[in-house]
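Report on the structure
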Amino acid sequence: MPIVVDIDVMLAKRKMPVGALADRVGITPANLAVLKNGRAKAVRFTTLEALCEVLECQPGDLLRWEPGESAESEESAEPDGPAD
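Residues numbered from 1 in each chain as written. Predicted model: local features only at pLDDT ≥ 70, side-chain atom pairs only at ≥ 80, totals over all residues. Heavy atoms only, no water.

1. A closer look at the environment of Gly68
- Along the polypeptide, Gly68 turns up in the loop between β2 (63-65) and α6 (71-77).
- On the basis of relative accessibility, which here comes to 53%, the residue Gly68 falls in the exposed class.
- Sequence separation between Gly68 and Pro2 is 66 residues, and the spatial gap between their C-alpha atoms is 5.9 Å. (Helix = DSSP H or I, 4+ residues; strand = E, 2+ residues; numbered from the N terminus. Buried < 20%, exposed > 50% of the residue type's maximum accessible area, 1.4 Å probe, protein only.)

Dropping the structure here:
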């Protein structure tokens, strides 16, 4: 996925455990793990705002775009069946 989530970087800079961040942001540790590990399909602006407030950072410190094919592009590039 071309969007990379850098919550781990900010947690390390702030020397904050994941559980403490989840508590202060008001989300479950499981949902934070989904976001942190790049498996989330979306993030609410209210959650992003809370993350930025707690970590004292900007959205760009947490999210970045890396060039490359998206999962949808890769799926459409796969052949439909065996070649004749």
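Anyway, onward from the coordinates.
2. A look at the side chain of Lys36
- With respect to the element layout, Lys36 can be found in helix α3 (residues 29-36).
- In this structure Lys36 comes out as buried when scored by relative accessible area, which is 18%.
- For Lys36, the contacting residues outside a window of four places in its chain are Val5, Ile7, Asp8, Leu11 and Val18. (Contact = heavy atoms within 4.5 Å.)

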